[in-house]
Amino acid sequence: MTALMTEKGTATVPAGGSRKPPSVRRKRRRERAFDEVPRWQIYLPLGLYLLFTLVPFYWMLLFSLRPAGSTSLVPWPMTFDHFAKVWNDRSFSVFFQNSALIGVFTLICTTTVALAGGYALARFNFRIKQTFMLALLCSQFIPGALMLVPLFQIFKNLSLINSPLSVVIAETVFQLPLSIILISGFIKNVPYSLEEAAWVDGCSRLQAFRIVVLPMLRPGLIAVGSFAFVHSWNHFLFALMFLMDQDKQTIPVGLSTLIGADSVDFGALAAGGVISAVPVVIVFAFIQKWLITGFSAGAVKG
């Protein structure tokens, strides 16, 4: 044993050894405390949350697959009559196509403009930069319903009422502030020295951005673009106000037409809900790895 002098006295440690740093000891204590927690205290809350989340989806799937008038808790015998009814008789094939087109164009416009704005905020210093950032944050407190009247008047003067372009513009404008802030955070995590090295090799700023920065922003672009698509896919208000003809409406507005004044066709409504939910679930199932990576990259400043 060897003796070590400290401010409070003498401490002994084994010869040839050393005390573990306090951070390592605290980490090991936390790991031991986690291992000592009974598993049911972890799985029970997770199970209740999963049950609370999945029961509405099962209920919707049950109503869409079981025959009309059935009260069974299991969709058997199974029928697809409700899906055929909403897809063919209630024009959901048209609504689906319109929602897909508006969602894709909103995704493209939002990510393109947010990429340019986010790069400017991340790489350039200008006099009103902080004021501009504050304005972007404050714009998130303005509800979309408050802007319906001025937006309607603007689109009317531009002859864009009853055009899907009006919905694309409105969705893009309302999603840009948060998208620009997120993209600027992703760009800040890309080392500036990489762009400088590209400039030394003869690249212009645009070429350096395209060759060096843009490939590294893939997770962030997928995260921002996916939320832009899902938000425009599910948004009800803009499509209801700016699109008049039924053949130009989107799925959320189409779902509202299934609710009558005196009665509701629950089977058709549930089938329409499944049709609207399945594409979003598929999209997130394929991009979940990129989505998690994107949010992790934007959460920590490099």
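Residues numbered from 1 in each chain as written. Predicted model: local features only at pLDDT ≥ 70, side-chain atom pairs only at ≥ 80, totals over all residues. Heavy atoms only, no water.

Helix and strand content of the chain: 13 helices and two strands. Expressed as a percentage of the 302 residues in the chain, the buried residues total 31%. Considering only intrachain contacts with a sequence separation of at least 6, the fraction spanning at least 24 residues in the chain is 67%. For the chain, the accessible surface area stands at approximately 19,000 Å², while carbon and sulfur atoms represent 68% of it. (Helix = DSSP H or I, 4+ residues; strand = E, 2+ residues; numbered from the N terminus. Buried < 20%, exposed > 50% of the residue type's maximum accessible area, 1.4 Å probe, protein only. Contact = heavy atoms within 4.5 Å. Areas by Shrake-Rupley, 256 points an atom, 1.4 Å probe, with all protein chains shown as cover.)

Evaluation of the coordinates by the stated rule reveals one salt bridge. A salt bridge links arginine 123 to glutamate 195, with the shortest nitrogen-to-oxygen separation between them at 2.6 Å. Linking arginine 123 in helix α4 (residues 92–123) with glutamate 195 in helix α8 (residues 192–200), this pair joins segments that are 72 residues apart in sequence. Comparing arginine 123 with glutamate 195 shows no difference in burial state: the two are buried. (Salt bridge = Lys/Arg side-chain N within 4 Å of Asp/Glu carboxyl O.)

Where α4 contacts helix α7 (residues 164–188), the two axes come as close as 6 Å, and the packing angle between them is 35°. The interaxial crossing formed by α4 with α7 has right-handed handedness. (Axes fitted to C-alpha atoms, helices over the stretch in contact; angles between N-to-C directions. Left-handed = near helix turned anticlockwise from the far one by under 90°.)

Let's shift gears to the packing of aromatic side chains. Here the structure, examined in full by the defined rule, presents 14 aromatic pairs. Connected via pairs of aromatic rings, a cluster forms that spans Phe152, Phe155, Phe174, Phe238 and Phe242. If you follow arginine 66 out to its NZ or CZ, it ends over the ring of phenylalanine 63, 4.5 Å from the centre. (Phe/Tyr/Trp six-rings, centres within 6.5 Å; stacked < 30°, edge-to-face > 60°. Lys NZ or Arg CZ within 6 Å of the ring centre and 35° of its normal.)

With that settled, the discussion passes to a nonpolar patch on the surface. On the surface, a nonpolar cluster with roughly 830 Å² of combined accessible area is contributed by Tyr58, Trp59, Leu73, Val74, Trp76, Met78 and Phe80. Within the element layout of this structure, methionine 78 appears in the loop between α2 (40–65) and α3 (81–89). (Patch = residues over 30% accessible without salt bridge, like charges linked within 9 Å, V, L, I, M, F, W, Y side chains within 5 Å.)

The next thing to look at is the side chain of serine 276. Residue placement: serine 276 occurs in helix α13 (residues 266–299). For serine 276, a relative accessible area of 13% puts it in the buried group. For serine 276, the side chain forms a polar contact with the main-chain oxygen of glycine 273, separated by 2.8 Å. Excluding residues within four positions of it along the chain, serine 276 makes contact with Trp233, Ile251 and Leu255. (Polar contact = N/O pair within 3.5 Å; in protein donor to acceptor, adjacent residues only side chain to side chain.)

In this model, serine 91 sits at a positive phi of 65°, which is unusual for a non-glycine residue. Tracing the backbone through its elements, the reader meets serine 91 in the loop between α3 and α4. The exposure class assigned to serine 91 is partly exposed, which follows from its relative accessible area of 24%. For asparagine 162, which is not glycine, the phi dihedral falls at a positive 70°. By relative accessible area, which is 15% here, asparagine 162 ends up buried.

All right, on to the layout of surface pockets then. Estimated volume of the largest pocket: approximately 510 Å³. Along the wall of the largest pocket there are 20 residues; nearest its centre are Gln140, Val173, Phe174, Gln175 and Pro177. Of all the secondary structure elements, the ones that give two or more residues to the lining of the largest pocket are α7 and α10 (218–234). The greatest single-element share of the lining of the largest pocket, amounting to seven residues, is contributed by α7. Per-class residue counts for the lining of the largest pocket are 14 nonpolar, six polar and no charged. (1 Å grid on protein atoms, 1.4 Å probe; cavity = no way out; pocket = protein on both sides within 12 Å on 5 of 7 lines; lining within 4 Å. Points joined across faces, edges and corners; volume = space filled by probe spheres on them. Nonpolar A, V, L, I, M, F, W, Y, C, P; charged D, E, K, R; others polar.)

Quick look at α2 now. The periodicity of an α-helix, 3.6 residues per turn, causes residues three or four positions apart to be oriented the same way. In this model, α2 (26 residues) spans 35 Å end to end at C-alpha, consistent with the 38 Å of a helix rising 1.5 Å per residue. A bend of about 30° at leucine 54 is the largest found in α2, and the proline proline 56 appears one to four places after it. All buried positions along α2 are accounted for by Leu62, Ser64 and Leu65. (Expected span 1.5 Å × (residues − 1). Bend = angle between axes of the 7 residues up to and from the residue.)

This part takes up the packing of α8 against helix α9 (residues 205–216). For the pair α8 and α9, the least separation of the axes is 9 Å and the interaxial angle reads 140°. By the angle between their axes, α8 is oblique relative to α9. α9 is crossed by α8, and the crossing has right-handed handedness. Facing Tyr192, Leu194, Glu195, Ala198 and Trp199 of α8, the residues of α9 in contact are Arg205, Ala208, Val212, Val213 and Met216. Broken down by class, the residue content of the contact of α8 with α9 amounts to eight nonpolar, no polar and two charged. (Parallel < 35°, antiparallel > 145°, perpendicular 65-115°, else oblique.)

In this structure glutamate 195 comes out as buried when scored by relative accessible area, which is 0%. Leaving out residues up to four positions away in the same chain, glutamate 195 has contacts with Tyr119, Arg123, Ala208, Val212 and Val213.

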